[in-house]
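# Residue-level structural notes
What follows is each chain in one-letter form.
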Amino acid sequence: MNLARHKSFLVYCIFGFLATCVNMLSYELFYVRIGIVNTVSVALSWFLAVTFAFFTNKCIVFREKGKKSRHSVFHHLLYFYLCRALSGVLDVAIMYVSVDVLSLNHTLWKFISNLAVGICNYLAGRLFIFKKES
């Protein structure tokens, strides 16, 4: 296995894991420590994780350099949020049903939700966003 060949994928995975940590830790902060309701805590933690993912993907994973206008950065950020919005809705739905309706363990279900969202983001990227042209 040629490590240099897979370096960008490995870096992407590392920062994906860190974005998941941002999501889980901020959720715990909002929901447990501060006491914000579950669905709002999920939405806030999703927003922070997506923001983290955007900037790490832009600056570290894909190394987009050069001076960009504020409009251009805002446009890319908005597009990134829109692409991740469906998985954010899935995250809120899973957490609402598991925690608010079924009263299951919030930490376990936040982890499960992050797995489901991560798989959906990967599949969407692989099948729709970055699919190979035939």
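The shown structure was predicted, so the numbers you read here are calculated from the model rather than taken from an experiment. (Residues numbered from 1 in each chain as written. Predicted model: local features only at pLDDT ≥ 70, side-chain atom pairs only at ≥ 80, totals over all residues. Heavy atoms only, no water.)

## Thoughts on the nonpolar core
Membership of the largest hydrophobic core is limited to eight residues, which are A19, W46, V50, A53, F54, L77, F80 and Y81. Secondary-structure elements contributing two or more residues to this core are α2 (38–61) and α3 (70–101). When residues in this core are grouped by element, the largest group, four residues, is from α2. Residues in contact with F54, not counting those within four places in the same chain, are V73, H76, L77 and F80. (Core = buried A, V, L, I, M, F, W, Y, C linked by side-chain atoms within 4.5 Å. Buried < 20%, exposed > 50% of the residue type's maximum accessible area, 1.4 Å probe, protein only. Helix = DSSP H or I, 4+ residues; strand = E, 2+ residues; numbered from the N terminus. Contact = heavy atoms within 4.5 Å.)

## What about helix α1 (residues 7–34)?
The end-to-end C-alpha distance of α1, which contains 28 residues, comes to 39 Å, matching closely the 40 Å that a straight helix rising 1.5 Å per residue would cover. Of all the positions in α1, only F15, A19, N23, M24, S26, Y27 and F30 are classed as buried. Where α1 terminates, the next one or two residues include G35, which has phi positive at roughly 90°. (Expected span 1.5 Å × (residues − 1).)

## Re a nonpolar patch on the surface
Where nonpolar side chains cluster on the molecular surface, the patch consists of F9, L10, Y12, I119, Y122 and L123 and spans about 560 Å² of accessible area. Those elements that provide at least two residues to the nonpolar patch are α1 and α4 (106–129). Tracing the backbone shows Y122 in helix α4. Residue class for Y122 comes out partly exposed when judged on its relative accessible area of 47%. (Patch = residues over 30% accessible without salt bridge, like charges linked within 9 Å, V, L, I, M, F, W, Y side chains within 5 Å. Areas by Shrake-Rupley, 256 points an atom, 1.4 Å probe, with all protein chains shown as cover. Salt bridge = Lys/Arg side-chain N within 4 Å of Asp/Glu carboxyl O.)

## Some thoughts on the side chain of S45
Relative to the assigned elements, S45 resides in helix α2. Relative accessible area serves as the criterion here: at 0%, S45 is assigned to the buried category. When sequence neighbours within four positions are dropped, the list of residues in contact with S45 reads N23, S26, Y27, F30 and K110.

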